[in-house]
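# Report on the structure
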Amino acid sequence: MANEYGVFNQGTVVLEYWAGEIGLQEMLDHEREQSQDTNIKEGSIVIADCREAVFSLSESEIQSICHSTLSRVGYQQKKVAIVINPHTWDIANNYSGYSWGSGNDVLCFHSHQAACAWLELDSDNVQKRLMNLKQVCLSQESFKE
């Protein structure tokens, strides 16, 4: 289990990389860390690259993480693109569904290019930055072993 995020464009863009098996505690820890990050601006856009992750979450845990995220101060008018693999479709789609009506747009995509098009970001630049986050994330995981 591993995740890493970076804040770009003066806090208006957040990129996340997720890999391995992810459980509720890791998601809550990640949420707590981001909620305290003063570099992230209100109304920022997010791309969560989850193509290399498998989420081990029950329906109630999905509701719990969604509730935790949506109750965060400053978490309004966000556009969140979750880039997924076929195995995470149901969980990501449920997470997206819980966000409807919150003033946030959370959509699932199968490619970062489609996510970037929706968010009006340069996909080559985003891919380069995601690869850097992946390297940092995986090197930290190797260090833990």
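The text that follows walks through the structure, step by step, so that each part is easy to find.

Cut-offs and rules
Residues numbered from 1 in each chain as written. Predicted model: local features only at pLDDT ≥ 70, side-chain atom pairs only at ≥ 80, totals over all residues. Heavy atoms only, no water. Buried < 20%, exposed > 50% of the residue type's maximum accessible area, 1.4 Å probe, protein only. Helix = DSSP H or I, 4+ residues; strand = E, 2+ residues; numbered from the N terminus. Pairing = 2+ DSSP bridges. Right-handed = clockwise from strand over helix to strand, strands pointing away. Salt bridge = Lys/Arg side-chain N within 4 Å of Asp/Glu carboxyl O. Phe/Tyr/Trp six-rings, centres within 6.5 Å; stacked < 30°, edge-to-face > 60°.

With that settled, the discussion passes to the pairing of strand 4 (residues 79-83). Note on strand geometry: in a regular strand, side chains alternate between the two faces of the sheet. By the criterion of burial, strand 4 is predominantly enclosed, with four of the five residues buried. In this sheet, strand 4 lies alongside strand 3 (residues 45-55) in parallel orientation, the contact comprising five bridges. Bridged to isoleucine 45 within strand 4 is lysine 79. Sheet topology note: the strand 4/strand 5 (residues 105-109) ladder contains five bridges and is parallel. Looking across to strand 5, one finds that alanine 81 is bridged to leucine 107. Each parallel crossover has a hand, and the one from strand 4 via helix 3 (residues 89-99) to strand 5 is right-handed.

Throughout the structure, instances matching the rule amount to three salt bridges. The partner of arginine 32 in a salt bridge is aspartate 29, with the nearest N and O atoms 2.5 Å apart. Of the two residues, arginine 32 and aspartate 29 are both situated in helix 1 (residues 24-35); the distance of three residues between them amounts to about one turn of the helix. The partly exposed category is assigned to arginine 32, whose relative accessible area is 42%. Aspartate 49 is the partner of arginine 51 in a salt bridge, and the nearest nitrogen-oxygen pair spans 2.6 Å. The class for aspartate 49 is buried, based on a relative accessible area of 5%.

As a further point, take the packing of aromatic side chains. Taken as a whole, this structure holds two aromatic pairs when the rule is applied. Geometrically, the ring pair formed by tryptophan 18 and phenylalanine 55 is tilted, given 6.0 Å between the ring centres and 55° between the ring planes. In this pair, tryptophan 18 sits in strand 2 (residues 13-22) while phenylalanine 55 sits in strand 3, placing the two residues 37 residues apart along the sequence. Their ring planes at 40° and their centres at 5.7 Å tell us that phenylalanine 109 and tryptophan 118 sit as a pair that is tilted.

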